[in-house]
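What follows is the residue order along each chain.
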Amino acid sequence: MTNICSDSLTESCDFYTKLFDFDINFESDWFVHLISKDQKLELGIIDRTNKMVPKDFQNNPQGFYITFVVDNADEIFKIAESKKIEIVSEPSDMFYGQRRLLLKDPDGTLVDVSSPILGFEF
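Residues numbered from 1 in each chain as written. Predicted model: local features only at pLDDT ≥ 70, side-chain atom pairs only at ≥ 80, totals over all residues. Heavy atoms only, no water.

**Q** How do you make sense of the nonpolar core when you look at a structure like this?
**A** As a rule of thumb, nonpolar side chains are buried together in soluble globular proteins. The biggest cluster of nonpolar side chains holds 24 residues, and the ones touching the most others in it are Tyr16, Phe20, Phe68, Leu103 and Val113. Elements that contribute at least two residues to this core include exactly helix 1 (9-19), strand 3 (31-36), strand 4 (42-47), strand 5 (65-69), helix 2 (73-82), strand 7 (98-104) and strand 8 (110-116). Sorting elements by how many residues they give to this core places helix 1 first, with five residues. When residues no more than four places from it in sequence are discounted, the contact partners of Phe68 are Tyr16, Phe20, Phe22, Leu41, Leu43, Val111, Asp112, Val113 and Ser114. (Core = buried A, V, L, I, M, F, W, Y, C linked by side-chain atoms within 4.5 Å. Buried < 20%, exposed > 50% of the residue type's maximum accessible area, 1.4 Å probe, protein only. Helix = DSSP H or I, 4+ residues; strand = E, 2+ residues; numbered from the N terminus. Contact = heavy atoms within 4.5 Å.)

**Q** Is there a simple way to explain the side chain of His33 in this structure?
**A** Residue placement: His33 occurs in strand 3. Among the residues examined, His33 registers a relative accessible area of 10% and is labelled buried. Separated by 2.7 Å, the side chains of His33 and Glu42 make a polar contact. Ignoring sequence-local partners within four residues, the contact set of His33 consists of Met1, Asp23, Ile24, Asn25, Phe26, Glu42 and Leu43. (Polar contact = N/O pair within 3.5 Å; in protein donor to acceptor, adjacent residues only side chain to side chain.)

**Q** I'm lost on the pairing of strand 8 in this one. Help?
**A** Side chains on a regular strand alternate between the two faces of the sheet. Buried residues dominate strand 8, accounting for five of its seven residues. Of the strand pairs in this sheet, strand 5 and strand 8 are connected by five bridges, and their pairing is parallel. Each residue of the ladder has a partner; that of Thr67, found in strand 8, is Asp112. Where strand 7 folds back onto strand 8 in an antiparallel hairpin, the turn is made up of five residues, including Gly108, whose phi is positive at roughly 95°. (Pairing = 2+ DSSP bridges.)

**Q** I'm lost on the sheet that holds strand 6 (residues 86-93) in this one. Help?
**A** In a beta sheet, neighbouring strands pair by backbone hydrogen bonds and run either parallel or antiparallel. The strand order across the open sheet built from four strands is 5-8-7-6, with neighbouring strands paired in mixed fashion. This sheet does not close on itself; its edge strands, each paired only once, are strand 5 and strand 6. Sheet twist, expressed as the average angle between the axes of neighbouring strands with direction ignored, equals 15°. As defined by bridge partners, strand 7 adjoins strand 8 across seven bridges and the pair is classed as antiparallel. Bridge pairing in strand 8 places Leu101 opposite Val113. Contacts from helix 1 reach strand 5, strand 7 and strand 8, with the element oriented near 160° to strand 7. (Axes fitted to C-alpha atoms, helices over the stretch in contact; angles between N-to-C directions.)

Listed below in structure tokens is the structure:
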């Protein structure tokens, strides 16, 4: 399970539940637990300033990004456009056989949304 530090639990929760296959499993004023509909993937969103997050780690994220592999990155792109989500890079075919879309979540985390290119061979 990955936890994302957030300045707005509501906005972050909306971002991940509208774009990906997550339902809210638990929700409080400092933490939201999301779980995929198939119950195989979990994501936590925690208030960045909560005492559970050490002070040295309450800064904006950098040096990492989250990747979600989906069936069709173009479908996620359409949803992102309609919801006015910040698009870093529109879907494009990558040399390693995936179609990749880059988004920015409400807290500044880079989100890579990739889907396999059917029939691709190295």
